Amino acid sequence: MDDKPRSDNSKYVEEAKKRIKDRLSLDDFIRKLVAMDAETKKAENTLFKALFDTYFLYFPEAANLIRDKEKFVSTLSDGIKREEVSSRLGIPANSMGYDLSETDLSSISDALSQLVGLSGLRTMINLKLSSILEEKYINLFKVAGPEIASKLISLSGSLKSLSEMPSGKLQVLGAEKSIFNGRKAKTPKYGVIFFHPEIQNSADRIKGRVARVVASKISLAAKVDFFSKEDKSGQILKKMRKEIDKIKNGT
Amino acid sequence: MELKRVMDNVYWGFNGRKRLVSLNMTPSKQVYGEELFDIGGKEYREWNPFRSKISAALYKGAKPLSFKEGDTVLYLGASSGTTVSHVSDVVSAKGRVYAVEISEEMGVSLVLLSESRKNIFPIIGDARRIEDVGIAVPACDFLYQDIAQRDQTDIFIKNVKKFLKPGGEAAIALKAMSIDVYSDPRKVIMEETKKLSRSFRVVASIDLYPYQKGHSLVIIKKG
Ligand SMILES: C[S@@+](CC[C@H](N)C(=O)[O-])C[C@H]1O[C@@H](n2cnc3c(N)ncnc32)[C@H](O)[C@@H]1O
């Protein structure tokens, strides 16, 4: 390239483009989807809080009964007026709340559909993540489940780094992150794997030991996905069951 | 606007207030939203001290850096190319800027910039191991580094030794916060400068406040 004119950078530009393309991989896509899910969840919660407060102002007696987001949405989705909601909840329609006009109420309705839209978006993102994992990382999909698997890949940066990680570190991956705000003090022994059904369904006193087993099997699953891509999840799950049963039976 | 030369293709422009500008190599094109000026039939771009540490150093009274038209500059930590574009103006079509950036997200803008500015040679890779990229980087007349990493001084020393021509100058933007969060920034900068002086002659050290907080630009000369 040295005999080309002095300012021909095309070889460098092409090489740089190639390197960028190589590095923007499936694992990055997974990471972006996980980030999008987290941001959407935040937006959903923020909007829900604002919406709840506004609705409380209008009909506090009803709002009090539907503080939970899912309940709030399902109760109000077919109409938000006091006459409609009161019969649905079996409470009187007259209220201590502030009387809002038709237009104000229709703004609240619009915001409510945005909230429903956000939760629909999250469903879509998670379906996408689940289908990616099932297709590409079957062992992680089966052993960790799609949600935990995609979070682990996202936190570690890639399947490769997850597969190289000691299982003790994998066990606490995500423990320092905001999903654990508030729960942090109680569960220093687990990161995102805390939500694994095997751990959730174990008695508190053995949770720690079960978590160790789950982490080691997820670590194994990541290795198999990285190195052979073969579906060995049946064997891994069987082993996991056996080891957990042993803990449960105190042997 | 009246112009007073600072470095090749770089001027202080005066019209009421004083600002640094560089001769736009790609007229009518902005790189980062900077202002463009037409003066005597030529177009200049404002070189914003809040966006670029080299500009900040000049605003803080640093003597002009030693690179010039036709030079080869090695630039580590190119990011999206804000400062790189001005360095590219300085060395002009006769020179070259080899611009190393590790992040592919920043790299995208850098590569697109390099398509319109043929004197920028983008390299996507780690400044710690430029040799791993498998692409030739020649000896350079000037080296500049701006990467916020704990080991930034070591990276700089390694690359100056390897790529800078003897007798050449180099500059590093030191960020105290990324080296040591807990110590007094001034002390951190002093320690790092001391480290540099073990390998090179330290020519100047400029605190970039208030344009860039917690940053100093240190200029060295290779023996
Ligand atoms: C503060 S920004 C540079 C801003 C740029 N010099 C400008 O003024 O336009 C630091 C950049 O260095 C990059 N960087 C960090 N570590 C690096 C490394 N080891 N090798 C190459 N680039 C690195 C970062 O990705 C980031 O884009």
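Residues numbered from 1 in each chain as written. Chains lettered and ligands numbered in written order. Predicted model: local features only at pLDDT ≥ 70, side-chain atom pairs only at ≥ 80, totals over all residues. Heavy atoms only, no water.

Caption draft 1: Molecular detail of the overall build of chain B. Regarding its fold elements, chain B presents six helices and 12 strands. Against the compact-globule benchmark of 17 Å for 223 residues, chain B has a radius of gyration of 17 Å, which places it among compact chains. Taking all 223 residues of chain B together, 55% fall into the buried category. For chain B, the proportion of contacts with a sequence separation of at least 24, taken over those separated by at least 6, is 57%. Roughly 9600 Å² of accessible area belongs to chain B as shown, and the carbon and sulfur atoms make up 51% of that amount. Of the side chains in chain B, 34 bear a positive and 27 a negative charge, and the two mean positions are spaced by 5 Å. (Helix = DSSP H or I, 4+ residues; strand = E, 2+ residues; numbered from the N terminus. Rg over C-alpha atoms; globule rule 2.2 N^0.38 Å. Buried < 20%, exposed > 50% of the residue type's maximum accessible area, 1.4 Å probe, protein only. Contact = heavy atoms within 4.5 Å. Areas by Shrake-Rupley, 256 points an atom, 1.4 Å probe, with all protein chains shown as cover. Lys, Arg positive; Asp, Glu negative; His and termini not counted. Charge placed at Lys NZ, Arg CZ, Asp CG, Glu CD.)

Caption draft 2: Structural view of the pairing of strand β2 (residues 10-15) of chain B. Residues and elements named next belong to chain B. Across five bridges, the pairing between strand β1 (residues 2-7) and β2 is antiparallel. Pairing of Leu3 across the sheet is with Gly13, part of β2. The antiparallel hairpin formed by β1 and β2 contains two residues in its connecting segment, where Asn9 sits at a positive phi of about 65°. Sheet analysis places β2 next to strand β3 (residues 17-23), joined by six bridges and oriented antiparallel. The residue of β3 that forms the bridge with Asn15 is Arg17. (Pairing = 2+ DSSP bridges.)

Caption draft 3: Spotlight on the packing of aromatic side chains. The final tally for this structure, using the stated rule, is 20 aromatic pairs over all chains. Note on Tyr98 of chain B and Phe121 of chain B: the rings are 4.9 Å apart at their centroids and 35° apart in plane angle, and the pair reads as tilted. Of this pair, Tyr98 of chain B sits in strand β7 (residues 96-101) while Phe121 of chain B sits in strand β8 (residues 120-124), and the two are 23 residues apart along the sequence. The pair formed by Tyr98 of chain B and Phe121 of chain B is uniform in burial state, with each residue classed as buried. Joined through ring pairs, the aromatic side chains of Phe48, Phe52, Tyr55, Phe56, Tyr58, Phe59 and Phe72 of chain A make up one cluster. Positioned above the aromatic ring of Trp12 of chain B is the side chain of Lys18 of chain B, whose terminal nitrogen or guanidinium carbon lies 4.3 Å from the ring centre. (Phe/Tyr/Trp six-rings, centres within 6.5 Å; stacked < 30°, edge-to-face > 60°. Lys NZ or Arg CZ within 6 Å of the ring centre and 35° of its normal.)

Caption draft 4: Highlighting unusual backbone geometry. Note that the residue after Tyr209 of chain B, namely Pro210 of chain B, is joined by a cis bond; omega there is 5°. Structurally, Pro210 of chain B is set in the loop between β11 (201-207) and β12 (215-221). Unusually for a residue other than glycine, Lys229 of chain A sits at a positive phi of about 70°. Its location among the elements puts Lys229 of chain A in the loop between α12 (204-227) and α13 (233-248).

Caption draft 5: Local environment of the site of the ligand. All names here are of chain B. Contacts to the ligand come from 18 residues, most closely from Tyr75, Thr83, Glu101, Asp126 and Gln149. For the ligand, an oxygen atom lies 2.5 Å from a polar atom in the side chain of Glu101. With respect to the ligand, the backbone of Ile102 contributes an N or O atom lying 3.3 Å from a nitrogen atom. Relative to its unbound accessible area of 600 Å², the ligand is 85% covered by the protein chains. Of the residues contributing to the shell around the ligand, the split by class is five nonpolar, seven polar and six charged. (Near = heavy atom within 4 Å. Polar contact = N/O pair within 3.5 Å; in protein donor to acceptor, adjacent residues only side chain to side chain. Nonpolar A, V, L, I, M, F, W, Y, C, P; charged D, E, K, R; others polar.)

Caption draft 6: Broad picture of the side chain of Thr82 of chain B. Within the secondary structure, Thr82 of chain B sits in helix α2 (residues 82-91). The residues touching Thr82 of chain B, leaving out its near neighbours within four places in the chain, are Tyr32 and Arg51 of chain B.

Caption draft 7: Seen up close, the domain arrangement of chain A. All names here are of chain A. Domain annotation for chain A reports domain 1 (24-136) and domain 2 (137-251). Computed over C-alpha atoms, the centres of domain 1 and domain 2 are 31 Å apart. For the pairing of domain 1 and domain 2, the buried interface totals around 1100 Å² over both sides, and the portion due to carbon and sulfur atoms is 64%. Linking domain 1 to domain 2 there are zero salt bridges. If you tally residues by element for the side of domain 1 that touches domain 2, the top one is helix α6 (residues 102-136), at eight residues. Residue composition of the side of domain 1 that touches domain 2, grouped by class: six nonpolar, two polar and five charged. (Domains from an automatic or database assignment. Buried area = accessible area lost by both parts, 1.4 Å probe. Salt bridge = Lys/Arg side-chain N within 4 Å of Asp/Glu carboxyl O.)

Caption draft 8: How the structure looks around α6 of chain A. Residue and element names in this part refer to chain A. Taking 1.5 Å per residue as the helical rise, α6 with its 35 residues ought to reach 51 Å, and the 51 Å between its terminal C-alpha atoms agrees with that figure. Within α6 the residues assigned to the buried category are Leu105, Ile108, Leu112, Leu115, Arg122, Ile125, Leu129, Ser130, Ile132 and Leu133. Structurally, α6 contributes buried residues whose contacts are with α2 (26-58), α4 (69-76), α7 (138-143) and α8 (146-156). (Expected span 1.5 Å × (residues − 1).)

Caption draft 9: Summary view of the nonpolar core. In this structure, Leu140, Leu152, Leu162, Leu170, Ile193, Ile199 and Ile218 of chain A are the most contacted members of the largest nonpolar core, which totals 41 residues. Among the secondary structure elements, those contributing two or more residues to this core are α2, α6, α7, α8, α9 (159-164), α12 and α13 of chain A. Here the element with the most residues in this core is α12 of chain A; it accounts for 10 residues. Looking at which domains feed residues into this core, each of domain 1 (24-136) and domain 2 (137-251) of chain A gives three or more. In contact with Ile193 of chain A, not counting residues within four places along its chain, are Ile148, Leu152, Leu170, Gln171, Ile199, Ala211, Ala215 and Ile218 of chain A. In this structure, Ala57, Ala99, Phe142 and Leu217 of chain B belong to the second largest nonpolar core, which totals 34 residues. (Core = buried A, V, L, I, M, F, W, Y, C linked by side-chain atoms within 4.5 Å.)

Caption draft 10: Representation of the domain arrangement of chain B. Residues and elements named next belong to chain B. We note that the domain assignment places domain 1 (2-48) and domain 2 (55-221) within chain B. Taken over C-alpha atoms, the centre of domain 1 sits 22 Å from the centre of domain 2. Listed by partner, the interface residues are 21 residues for domain 1 and 22 residues for domain 2. Carbon and sulfur atoms supply 63% of the area that domain 1 and domain 2 bury against each other, a total of about 1800 Å² over both sides. Where Arg45 meets Asp89, a salt bridge forms, and the shortest distance between an N and an O atom there is 2.9 Å.

Caption draft 11: Molecular detail of the interface of chain A and chain B. The interface is formed by 16 residues belonging to chain A together with 27 residues belonging to chain B. Surface buried jointly by chain A and chain B totals about 1800 Å² across both partners, of which 55% is contributed by carbon and sulfur atoms. Counting the contacts that link chain A with chain B gives three salt bridges. Here Lys17 of chain A ties to Glu115 of chain B by a salt bridge, and the two come within 2.5 Å at their closest N and O atoms. Counting residues per element, the side of chain A that touches chain B draws most heavily on helix α1 (residues 10-23) of chain A, at nine residues.

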